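So the chains spell out like this:
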Amino acid sequence: QVQLVESGGGLVQPGGSLTLSCAATGSGFSIRVMAWYRQAPGKERDLVAIITSHGTTSYADSRKGRFAISRDNAKNTVYLQMNSLKPEDTAVYYCNAATGSGQNYWGQGTQVTVSS
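Criteria and thresholds
Residue positions are counted from 1 within each chain, in the order its sequence is given. Only residues with pLDDT of at least 70 are given local features in this predicted model, and only at 80 or more are side-chain atom pairs given and counted; all residues enter the totals for whole chains, interfaces and linings. Note that water and hydrogens are dropped before the side-chain values are worked out from all heavy atoms of the structure. Pairs of cysteine sulfur atoms within 2.5 Å are identified as disulfides in what follows. What counts as a helix is a DSSP run of H or I of at least four residues, what counts as a strand is a run of E of at least two, and both are numbered from the N terminus. Exposure is judged per residue with a 1.4 Å probe applied to protein chains only, and the accessible area is read against the type maximum: over 50% gives exposed, under 20% gives buried, and values in between give partly exposed. Throughout, a contact is declared for two residues whenever any of their heavy atoms are within 4.5 Å. Remark: nonpolar core denotes a set of buried residues (Ala, Val, Leu, Ile, Met, Phe, Trp, Tyr, Cys) joined through side-chain atoms within 4.5 Å. One side-chain nitrogen of Lys or Arg within 4 Å of one carboxyl oxygen of Asp or Glu is enough to make a salt bridge.

Participant: Sorry if this is basic, but what is going on with the state of the cysteines here?
Facilitator: Cysteine pairs can be covalently joined through their sulfur atoms, and such a bond is termed a disulfide. Throughout the structure, instances matching the rule amount to 1 disulfide. Residue pairing for C22: its cysteine sulfur links by disulfide to C95, the two sulfurs lying 2.1 Å apart. Because the torsion about its S-S bond is -80 degrees, the bridge between C22 and C95 counts as left-handed. Of this pair, C22 sits in strand β3 (residues 18-26) while C95 is found in strand β9 (residues 91-99), placing the two residues 73 residues apart along the sequence. Of the two residues, C22 and C95, both sit in the buried class.

Structure below.
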């Protein structure tokens, strides 16, 4: 069983930056892919960025250039650096992990609010 614990959300002014972290805990697992999703009020959850165990990354087009995903395999932790934040980035951000055995896990979510 894998548990994902997110941190780093909060209130930030437009143009500001935040870094989200997500640590995977448990035993007997190997995480293949980690990703960040977000869900704005009244909208579906959608992909922000994804990173493989080899460090290959992919971003939703609207976030490319402003967001950066990274991971520390030794710590089973994934990060999301968010820059030049806009009010439309306001959402609950969720961490996702997929193991080598095909199991999929979600974190509890962390709120990011971009407002002046």
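Participant: Got a minute to help me understand the environment of T56 in this structure?
Facilitator: Looking at where T56 falls in the secondary structure, it is placed in the loop between β5 (46-52) and β6 (57-59). What makes T56 exposed here is its relative accessible area of 51%. In the structure, T56 is positioned 13 residues away from K43 in sequence and 28 Å away in space, judged by C-alpha atoms. If sequence neighbours within four positions are ignored, T56 has contacts with I50 and I51.

Participant: Explanation requested: the nonpolar core in the structure shown.
Facilitator: Across soluble globular proteins, you tend to see nonpolar side chains buried next to one another. Counting residues in each nonpolar core, the largest one holds 27 residues, and the members touching the most others are L4, M34, W36, V78, L80, M82 and Y93. Among the elements of the structure, β1 (2-7), β3, β4 (31-39), β5, β7 (67-72), β8 (77-82), β9 and β11 (110-114) are those that each provide at least two residues to this core. With sequence-adjacent residues up to four places away left out, L80 is seen in contact with L18, T19, L20, W36, V48, A49, F67, A68, I69 and Y93.

Participant: Help me understand the environment of L18, please; the structure alone is not making it clear to me.
Facilitator: Among the structural elements, L18 can be located in strand β3. Accessibility expressed as a relative area gives 15% for L18, which makes it buried. On a C-alpha basis, the gap between L18 and L80 in space is 8.1 Å, while along the polypeptide they are 62 residues apart. In this view, L18 contacts G8, G10, V12, L80, Q81, M82, L85 and V112; residues no more than four positions away in its chain are not counted.

Participant: Would you take a moment to explain unusual backbone geometry for this structure?
Facilitator: Most peptide bonds take the trans form, and the phi angle of most residues other than glycine is negative. For N76, which is not glycine, the phi torsion reads 50 degrees and is therefore positive. Since its relative accessible area comes to 23%, N76 is described here as partly exposed. Located in the positive-phi region is S84, a residue other than glycine, with phi close to 50 degrees. Considering the arrangement of structural elements, one finds S84 in the loop between β8 and β9. Overall, S84 belongs to the partly exposed group, its relative accessible area being 41%.

Participant: What's the story with the pattern of salt bridges in this structure? I'm lost.
Facilitator: Side chains that differ in sign of charge can pair as their charged atoms come close. As enumerated under the stated definition, the model contains 2 salt bridges in all. Of the charged contacts in the structure, one is a salt bridge between R38 and D89, with a shortest N-O distance of 2.9 Å. Residue R38 is located in strand β4, and its partner D89 is located in the loop between β8 and β9; the two are separated by 51 residues in the primary sequence. Its relative accessible area of 10% is what places R38 among the buried residues. One salt bridge in this structure joins D89 and R66, with 2.8 Å as the shortest N-O distance. Of the two residues, D89 sits in the loop between β8 and β9 while R66 sits in the loop between β6 and β7, which places them 23 residues apart along the sequence. You'll find D89 and R66 in the same group, each marked buried. Salt bridges here are not isolated pairs; linked through shared partners, they connect R38, R66 and D89.

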